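# What the coordinates show
So you can see what is in the structure, the chains are spelled out below.
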Amino acid sequence: MTTPTHVSIIMDGNGRWAQLHGKERLYGHKAGAESVRMTVRTAAEKGVKYLSLFAFSSENWHRPKTEVDGLMELLAQAVVEETPALVKNNVRLRYIGALSHLPPHVCALLECSVRETAECTGLTVILALSYSGTWDILQAINRYTRDLLANKTDDQVLDIALFESYLSTAGIPPPDLLIRTSGEKRISNYMLWQLAYTELYFTQTLWPDFRSEDFIKALDEYARRERRFGKTGTQCKNNE
Ligand code: IPE
Ligand code: IPE
Ligand code: MG
């Protein structure tokens, strides 16, 4: 079976899940944390190398303050609680996004977990926090321009490889498979550049209900897809 090297997930549907259970939205976010744990475990077991998780978008800052504050505390709590298990299971943690917008204590805890797991060589989990695709592309252009003006780069013309070296995902292969839960069929300003040739998989399952079986179902579907990258089906079959 072809296992994707990089799986990315837009973890959506926590609010609707809470509503279905007659609870506050934060209850759904708490339940979603369990799905993250299970998914990380299954990804590692299946030999996925990179698992990126869209946890909080740039646009999510516009949600009610109580929800945003609650999400930040949940994040802090999850990082503290999960780091020992990450180290034990050889999982490396990274993040992408405008981290400086997060509360300082949450940033500090994240940085700590990133440091503690830096030597882990198994699965890499990438948390996208205060992240958006447009933010990523703009920060890349701005950093490149700064380097150019400071004569830190001689490359006057951007090519794909050079541009990608400035993206927040530099060094990480693009997602092979993107899963979005909760039935929405949109990208919601996620990795706009990196998703250029990603296989998309949408499921009605709400994120707090997402379990190992759902993940494996997505991996199975991925294995049945033919990725042609612009070539013909015959060329692909003949490995041309
Ligand atoms: C995803 O679930 C979690 C975040 C965006 C932080 P939602 O909170 O968007 O859940 P719905 O879409 O309202 O059901
Ligand atoms: C996308 O979900 C962001 C995350 C899952 C973190 P949203 O719930 O914010 O997306 P929209 O607003 O419905 O497109
Ligand atoms: Mg949503």
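Look up a bit, the structure's there.
Here the structure is a predicted model, which means the values were calculated and not measured.

### Brief notes about the site of ligand 1
Looking at ligand 1, the residues that line it are Met11, Asp12, Gly13, Asn14, Gly15, Arg16, Arg25, His29, Ala55, Asn60, Arg63 and Leu71. Between glycine 13 and ligand 1, the recorded distance is 3.3 Å, taken from a backbone N or O atom to an oxygen atom. At 2.9 Å from an oxygen atom of ligand 1 is found a main-chain nitrogen or oxygen belonging to glycine 15. Look at ligand 1: alone it shows 370 Å² of surface, and the protein chains cover 86% of it. Counting only elements with at least two residues in the shell around ligand 1, the list comes to helix H1 (14-20) and helix H2 (25-45). Taken together, the residues of the shell around ligand 1 break down into 3 nonpolar, 5 polar and 4 charged.

### Notes on the pattern of salt bridges
For the coordinates displayed, the defined rule picks out 15 salt bridges. Of the charged contacts, one joins arginine 25 and glutamate 67 as a salt bridge, the two residues approaching to 2.8 Å between their closest N and O atoms. Of this pair, arginine 25 sits in helix H2 while glutamate 67 sits in helix H3 (residues 65-88), and the two are 42 residues apart along the sequence. Judged by relative accessible area, which is 37%, arginine 25 ranks as partly exposed. With its nearest N and O atoms 2.8 Å apart, the salt bridge here joins arginine 63 to glutamate 67. Salt bridges sharing partners connect three or more residues here, namely Asp12, Arg16, Arg180, Glu184 and Arg186.

Scoring rules and cut-offs
Residues numbered from 1 in each chain as written. Chains lettered and ligands numbered in written order. Predicted model: local features only at pLDDT ≥ 70, side-chain atom pairs only at ≥ 80, totals over all residues. Heavy atoms only, no water. Near = heavy atom within 4 Å. Polar contact = N/O pair within 3.5 Å; in protein donor to acceptor, adjacent residues only side chain to side chain. Areas by Shrake-Rupley, 256 points an atom, 1.4 Å probe, with all protein chains shown as cover. Helix = DSSP H or I, 4+ residues; strand = E, 2+ residues; numbered from the N terminus. Nonpolar A, V, L, I, M, F, W, Y, C, P; charged D, E, K, R; others polar. Salt bridge = Lys/Arg side-chain N within 4 Å of Asp/Glu carboxyl O. Buried < 20%, exposed > 50% of the residue type's maximum accessible area, 1.4 Å probe, protein only.

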